[in-house]
Amino acid sequence: VQLQASGGGLVQAGGSLRLSCAASGRTFSRNPLGWFRQAPGKDREFVASINYNGGTISYADSVKGRFTISRDNAKNTLYLQMNSLKPEDTAVYYCAARSLLFTRGSAEPGPYDYWGQGTLVTVSS
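Since we're looking at a predicted model, the values are computed, not measured.

**With respect to the sheet that holds strand S7 (residues 67–72)**
Then step 1. Strands sit in the order S1-S3-S8-S7 across an open sheet of four strands; the sheet is antiparallel. Only two strands of the sheet have a single neighbouring strand rather than two, namely strand S1 (2–6) and S7. Across the sheet, the mean angle separating the axes of adjacent strands is 15° when strand polarity is ignored.
Then step 2. For strand S3 (residues 17–24) and strand S8 (residues 77–82), the ladder comprises six bridges, and the chain directions are antiparallel. The partner of Ala-22 across the bridge, within S8, is Thr-77.

Structure below.
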């Protein structure tokens, strides 16, 4: 079972990036998924979560209105569209999946059982 995050890079403040997280080894179409990020010297923090069918979505206050989480279960892929990026969004972004089926995502990292390797997003001012 593997989650592969991609799409990170260097962008100027105000710009946009779209992160992807491709799952392999099994389907995650029934699992809640999430995005977290970790800036240098800081703890990993919640960004967004989505339940199995996209009907329940949550965002951290810091990204609400700028980021959009979505999923394509046919492609076994999770996305994070990031607009109006700020320097404080600079971090390694991780995708994660819960093993508990048909439930909501969580804002805490503990309930997630599978993690991607992370993709670096750098926003310059």
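So, next bit.
**A short note on the packing of aromatic side chains**
Then step 1. Taken as a whole, this structure holds six aromatic pairs when the rule is applied.
Then step 2. Judged by centre distance (5.4 Å) and plane angle (75°), the ring pair of Phe-28 and Tyr-114 falls under edge-to-face. With Phe-28 in the loop between S3 and strand S4 (33–38) and Tyr-114 in strand S10 (residues 114–115), this residue pair connects regions lying 86 residues apart in the sequence.
Then step 3. Ring plane angle 70° and centroid distance 5.7 Å describe the contact between Phe-36 and Phe-46, whose orientation is recorded as edge-to-face. Remark: Phe-46 occurs in strand S5 (residues 45–50) and Phe-36 occurs in strand S4; sequence separation between them is 10 residues.
Then step 4. The exposure class of Phe-36 is buried, given its relative accessible area of 0%.
Then step 5. The rings of Phe-36, Phe-46, Tyr-112 and Trp-115 are connected pair by pair, giving a single aromatic cluster.
Then step 6. When the ring centre of Tyr-94 is taken as reference, the NZ or CZ atom of Arg-44 above it lies at 3.9 Å.

About the cut-offs
Residues numbered from 1 in each chain as written. Predicted model: local features only at pLDDT ≥ 70, side-chain atom pairs only at ≥ 80, totals over all residues. Heavy atoms only, no water. Pairing = 2+ DSSP bridges. Helix = DSSP H or I, 4+ residues; strand = E, 2+ residues; numbered from the N terminus. Axes fitted to C-alpha atoms, helices over the stretch in contact; angles between N-to-C directions. Phe/Tyr/Trp six-rings, centres within 6.5 Å; stacked < 30°, edge-to-face > 60°. Buried < 20%, exposed > 50% of the residue type's maximum accessible area, 1.4 Å probe, protein only. Lys NZ or Arg CZ within 6 Å of the ring centre and 35° of its normal.

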